[in-house]
Amino acid sequence: MNAPLAIPLQAKDFKSDYKPVWCPGCGDYSVLAAITKALAMLELKPHEVAVVSGIGCSSRIPAYTSCYGFHGVHGRSLPAATGLKVARPELTVLVASGDGDGYSIGGNHFLHACRRNVDLAYIVMDNHVYGMTKGQPSPTTEPDWSSKLAPGGTGLREFHPLVIALASGANFVARAFSGDPNGCAAIIAEAVRHPGFSFVEILSPCVTFRPEQRAWKDAVHPAPVAPTDDPARAARRIMTDDGFNIGVLYKGARPPYSGGPKAPTATIEDLECAFRL
Amino acid sequence: MTAGNILLEAAAAAGYYALMTRTSGPQIRGGEAAAMLRISTYATDGQDDRFQVLAAIDWQNVQRFASELPLGAESLIVGDPAQGEPPEVFTKSGARYLPLALKALAAQVPGGWPNMVALGALAGLVGLPHEAVEAALRKWMKKGLDGAIAAARLGRSQIQPDTGFRLQGPATGEKRWLITGNEAAGYGALRGGVRFVAAYPITPATELLEWLSPALAKVGGTLVQAEDELASINMALGASFGGVPALTATSGPGLSLMIEALGLGVAAEVPLVVVDVMRTGPSTGIATKSEQADLDIALHGLHGDAPHIVVAPNSIADCVAATEWAVGLAESLQVPAIVLSDQYFGQARAVVDVPPMNQSKKSRQIAGPDGKAYRRYAITPSGVSPMAIPGTAGTEYTADGLEHNERGLPSSQAGDHLAQMEKRARKVAQLDPGDAWASVEGEGETAVLTFGSCTGPAREALAREGCRAKLISMRLLAPAQPERLKRALQGVRRVIVVEQNHSGQFLRYLRSQYELPAEVRSLRRPGPLPFRPEEIHREVVKP
C-alpha cells in the first residue's frame, strides 16, 4: 500500500475555531496570522508545537491556535516555557507576551531567559499600554501619556526591550510590525529556526486605548542594513534608531542551553548505595 | 561539625543507631556551632530530654544556643580549662565538669586538632571502638588523616575505662541507611518518578536540591536553577504540562511566592509537588531553625476554592515514602501536592531502618487520540480526566488558569465554573489513602494528635512508664479524613494536640474539619526548640 501523500499544512490549519476576545482592528489578529503562517512555512505540525503565554491581550493567543497551549499566570510565560522546552527538547516552543506581562511583571524572567539561552522564540506584542485592564501605562509607554492611573503621564523613561535583550545575552533580536503579517511571519520563522533564545518585539497597535498608534504603519521602515553578529554594533544601531526600524537586528552564535536531559547512567536503586550502611 | 559527623559515622559503623542535629549562629561560615548527637541501641527520631555529655572546644558565644543544649545533674561537661570555666548556664544543671586540655593535647601530635582529641575522648566515653572511629575518619578526612587518628587516640587515652556513659552492645540485624531528611525527600521524589526539578536556593531546603542535581542527571532527569521561586514553580509546571513529573523544593518565604502558581496547577490540573522544608517565620524568621508554622499557608494559602493535597512525613525515613506518595497522588489526581517537611527532618542526619517502599506506583492517566474532539477537562465520575501530552497528534489543547469548559476553552459561564469546581473538588475528595493517612499506634483513653517532627518525641513519650495513650500522627493533612479520625478516636476521651507553632494552627484546623472529644488540650510552642519527650509525657500523665 502506498503511503498517503503528505499535504503541506497551511496557516489556517494552525488556527483553532475559538473566536478571539480582541477588539476589531487589534494588531494581535495579525500577529496570530503571522504565527500560524510561520508555523506553516516551517512545515511543522500542530502537535509538535506548544504556545506558552502569561496574562494580557497578547497572551490569549495559545487557545486561538490548534497547537498545544499553556495559558499560565501573569508574567511567568518564560519560566513555564523554559521548563517545558528543557524537559521536552523535541517540541517547538513559542512564547507569546505583551509589554506589561513581559517587561513589567515578568521583567526578571526576561533577563534570565536571555542569559539562559534556551531554544525558545519569544514573541512580544508591544502596544505601550495595558489593554485588558483598560488603559494603564506599561514600561514602554511614553512618559507624558496621560491616563486615569497616571494623570499627566508617569514621567518615567521608557524601557528599551531590544537593548536589554542584547545586553542580557539573547541570541537573536528582531523588531517586527503587525501591520505587515508576511514580514512578521518571515521574522518569526527565522526566530524559531535560530538556535537559542530568539526575541521578536512586534509593534502591535492598540486601536482602543492608543488609537494614535494607527499612524505606526506610516512610521515603520525596513532595517537599512543586514543583521549583524556583533553585539556592540547591534547595540549601537538599536540605541540610535528611531524605534520603527523593522527586521532582524542581531543574530548571535552563542551555543544554546545544554542542561537538558541526558541518557541515564544509573537506576534509582543504584542511588541507594550512598545511604546504605 | 566535622567531629560530630565523624562521631555519627563511627557510631553507625559500630552498629548503633544515631541521630545528629545541628545548630549554629548567624554566620555564613565558621563561628559558633554545635553538633547534637544521640547514639542509641534502638531507632529514634528525636533528641532525648537532656544531653549526657557536652564537649566544648571553646565557649565562645555559646549563650546563643544554650537553650538548645539541656543538661541534667547526671550529665558531664568536657571542656578545655585553657578556654575558661564552663558557663553558669550549663553548670547550674548540676552537671559534673571534666577538664581536658584539648588544645595542649592536640599540640603534642603533629597535625593534631583539638576537635579530634575531643572526638577520641567522646568515643572512649561512650565505648565506641577505635576501629569504628578510624573508619569514619578515613571516610571524612581528605587530608591530615594521620594527625587526626593520632589525636583521636590521644583523646581516648585520657578517659577512664568506666565512666558510666558506656553504651550497651549494639543491636544488629536490620538493614539501615545513614541519611538526612532532605536526602530522603529527594530520593522519594525520584522513586515517585520525578524527572524535572527547578530550584532556587533557600535554607533549609538547599541540600535537598543539591542532592537532587547530580542524582537527577544520573537517572536521565534535569534540574534547572531558576532566577527566583516564581520561576522555579512555573518551570516545574511547564515541564509537568510536557508530561514529565516535576517538583520544586523551598521553605516558607519561597512557598509564599509560589502560591499563585499553585493555584494555576489546581485550575489547569497540572500535577506538581512542592516540598516545603519549614523554618521559623513569619518573614525571614530564623532561617536555620525548625517550626511547624507553614501549615496555615499550605492548607489555606491559595486564592479561590482550590482543592489540593498536603502531606506531612512523620519521621526522617518517612521523608522517602511521604514524598514518593505525594508524587503519586499529584500525578494520578493531576493536582499540586505540598509536602510539609521541616528543618529538623531536613538537616538531621540519622541512622534509620530502611523504610518500607511504596509498592503500587500511581501515575498519570494519559489521553490518546480516539478520533473524537479531545475534551481535556471532561466531566468524569472520578473527577480525573485523561491528560494529553504535547507531541501527541489529535489531542491538542490549551492548559488554562482561566476557568474553562470541558474542551479547555475559556468560559465565564456559571455552569462551566460550577461543573469544573465540582470536578476538581471531587477528584481530591475521593482520594482513598488507606492506612497511609496517619500513623496510629497504641491504645488508651487519651490520644496524642500530632504531625511531622513532633511525632518522634511524642512516640518516645508514650513508650514511657505510666503513659497509656494512643498516638495519632497525621500524614495526610489535606484532604481531611474526618471519618478515619473518628474511627481512630473510638474510646478516646481526651485529646492532646501537639504542634510546634505559636498559634495552634493544627488545632484550629482539626476543630474546623474534625469532630474531637470534649476534652481537648493544646501543647504547643513556636520553634526553634524541639519538643522533648518528657514535656509530652508530663502533659499526658497530668490528670
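Residues numbered from 1 in each chain as written. Chains lettered and ligands numbered in written order. Predicted model: local features only at pLDDT ≥ 70, side-chain atom pairs only at ≥ 80, totals over all residues.

Considerations on the overall build of chain B
On a plain count of helices and strands, chain B comes out with 18 helices and 20 strands. By the compact-globule yardstick of 24 Å for 543 residues, chain B fits well, its C-alpha radius of gyration being 25 Å. Along the longest, intermediate and shortest principal axes, the C-alpha atoms of chain B span 85 × 55 × 45 Å. Across the 543 residues of chain B, 54% fall into the buried class. For chain B, contacts bridging at least 24 residues in sequence account for 72% of all contacts bridging at least 6. (Helix = DSSP H or I, 4+ residues; strand = E, 2+ residues; numbered from the N terminus. Rg over C-alpha atoms; globule rule 2.2 N^0.38 Å. Buried ≥ 20, exposed ≤ 12 C-beta atoms within 10 Å, placed from the backbone. Contact = placed C-beta atoms within 7 Å.)

Remarks on the overall build of chain A
Looking only at helices and strands, chain A has 10 helices and eight strands in total. A compact globule built from 277 residues should have a C-alpha radius of gyration of about 19 Å, and chain A, at 20 Å, falls within 12% of that. With the principal axes as the frame, chain A shows a C-alpha extent of 70 × 55 × 40 Å. In chain A, buried positions account for 49% of the 277 residues. Relative to all contacts within chain A whose residues are 6 or more apart in sequence, the contacts with residues 24 or more apart total 69%.

Points about the sheet that holds strand E10 (residues 272-278) of chain B
All names here are of chain B. Pairing is mixed in the open sheet, where seven strands are placed in the order E8-E7-E9-E10-E12-E11-E18. At either end of the open sheet lies a strand with only one pairing partner, and these are strand E8 (222-225) and strand E18 (476-478). In this sheet, adjacent strand axes meet at a mean angle of 20° when their direction is disregarded. Pairing of strand E9 (residues 246-250) with E10 involves four bridges; the strand directions are parallel. Looking across to E10, one finds that Thr250 is bridged to Asp276. In the packing of helix H10 (residues 252-268) onto the sheet, the strands contacted are E9, E10 and strand E12 (336-342), and the crossing angle to E10 comes to about 160°. (Pairing = 2+ DSSP bridges. Axes fitted to C-alpha atoms, helices over the stretch in contact; angles between N-to-C directions.)

Some remarks on the domain arrangement of chain B
By domain assignment, chain B separates into domain 1 (2-157), domain 2 (178-352), domain 3 (365-431) and domain 4 (436-541). Spacing between the C-alpha centres of domain 1 of chain B and domain 3 of chain B amounts to 58 Å. (Domains from an automatic or database assignment.)

Some words on the nonpolar core
By size, the foremost hydrophobic cluster in this structure holds 244 residues, and its most contacted members are A:Ile188, B:Ala18 and B:Val273. At 10 residues, the largest contribution of residues to this core is made by helix H12 (residues 318-333) of chain B. (Core = buried A, V, L, I, M, F, W, Y, C linked by C-beta atoms within 7 Å.)

Focus: helix H17 (residues 505-513) of chain B
Among the residues of H17(B), B:Gln505, B:Phe506, B:Leu507, B:Tyr509 and B:Leu510 are the ones counted as buried. Residues of H17(B) that are buried in the fold lie against helix H11 (295-300), strand E16 (446-451), strand E19 (494-499) and strand E20 (519-524) of chain B.

Description of the interface of chain B and chain A
Across the contact, 51 residues belong to chain B and 45 residues belong to chain A. Listed by contribution, the elements that provide at least two residues to the side of chain B that touches chain A are strand E6 (176-180), helix H7 (181-192), strand E7 (196-199), helix H8 (206-218), E8, helix H9 (229-241), H10 and strand E14 (398-400) of chain B. The dominant element in the side of chain B that touches chain A, judged by the number of residues it contributes, is H9(B), at nine residues. Split into classes, the residues belonging to the side of chain B that touches chain A amount to 32 nonpolar, 10 polar and nine charged. The pairing of strand E2 (residues 68-71) of chain A with E14(B) spans three bridges and is parallel. Paired with A:Gly69 across the two strands is B:Thr398, which belongs to E14(B). (Nonpolar A, V, L, I, M, F, W, Y, C, P; charged D, E, K, R; others polar.)

Describing helix H15 (residues 455-462) of chain B
Residues and elements named next belong to chain B. Counting buried residues in H15 gives eight out of eight residues, a clear majority hidden from the surface. If you check which residues of H15 are buried, you get Thr455, Gly456, Pro457, Ala458, Arg459, Glu460, Ala461 and Leu462. Residues of H15 that are buried make contact with strand E15 (438-441), E16, strand E17 (469-474), E19 and helix H18 (533-541).

Considering the packing of helix H4 (residues 114-126) of chain B against helix H6 (residues 145-157) of chain B
All names here are of chain B. It is the contact of H4 with H6, at a shortest axis distance of 6 Å, that shows an interaxial angle of 45°. If you check the angle between H4 and H6, you find them oblique. The handedness of the crossing between H4 and H6 comes out as right-handed. Residues Met116, Val117, Ala118, Leu119, Gly120, Ala121, Ala123 and Gly124 of H4 form the contact with H6, whose own contacting residues are Ala148, Ala151, Ala152, Arg153, Leu154, Gly155 and Arg156. (Parallel < 35°, antiparallel > 145°, perpendicular 65-115°, else oblique. Left-handed = near helix turned anticlockwise from the far one by under 90°.)

Some words on unusual backbone geometry
Looking along the chain, the bond that leaves B:Ala478 and enters B:Pro479 is cis, with omega of 0°. Of note, B:Pro479 is situated in the loop between E18 and helix H16 (482-488). In this model, B:Gly527 is joined to B:Pro528 through a cis peptide bond whose omega is 0°. Positionally, B:Pro528 belongs in the loop between E20 and H18. Of note, A:His128 is a non-glycine position whose phi angle comes to about 60°, a positive value.

Observations concerning the pairing of E19(B)
Residue and element names in this part refer to chain B. Among the six residues of E19, five are classified as buried, and the element is accordingly described as predominantly covered. When E16 meets E19, the two strands line up parallel, connected through four bridges. Its bridge partner lying in E19, Val448 is registered against Ile496. Handedness of the crossover joining E19 and E20 through H17: right-handed. (Right-handed = clockwise from strand over helix to strand, strands pointing away.)

Concerning the pairing of strand E5 (residues 172-177) of chain A
Residues and elements named next belong to chain A. Along E5, six of the six residues are buried, which leaves the element largely enclosed by surrounding structure. Both faces of E5 are covered, namely the face carrying Phe172, Ala174 and Ala176 and the face carrying Val173, Arg175 and Phe177. Examined bridge by bridge, E5 and strand E6 (residues 198-203) share six bridges and lie parallel to one another. Each residue of the ladder has a partner; that of Val173, found in E6, is Phe199. Crossover E5 to E6 through helix H7 (residues 181-193) is right-handed.

Points about the environment of B:Pro70
Residue and element names in this part refer to chain B. By secondary structure assignment, the location of Pro70 is in the loop between strand E3 (51-56) and strand E4 (71-79). For the pair Pro70 and Thr180, spaced 110 residues apart in sequence, the C-alpha separation works out to 23 Å. Excluding its chain neighbours within four sequence positions, the residues that come into contact with Pro70 are Asp49, Arg50 and Phe51.

Here's the deal with the environment of B:Val520
Residues and elements named next belong to chain B. For Val520, the location among the structural elements is in strand E20. Assessed through the 14 C-beta atoms surrounding it within 10 Å, Val520 is described here as partly exposed. For Val520 and Gly281, which are 239 residues apart along the polypeptide, the C-alpha to C-alpha distance reads 26 Å. The contacts of Val520, once residues within four sequence positions are left out, are Val495 and Val497.

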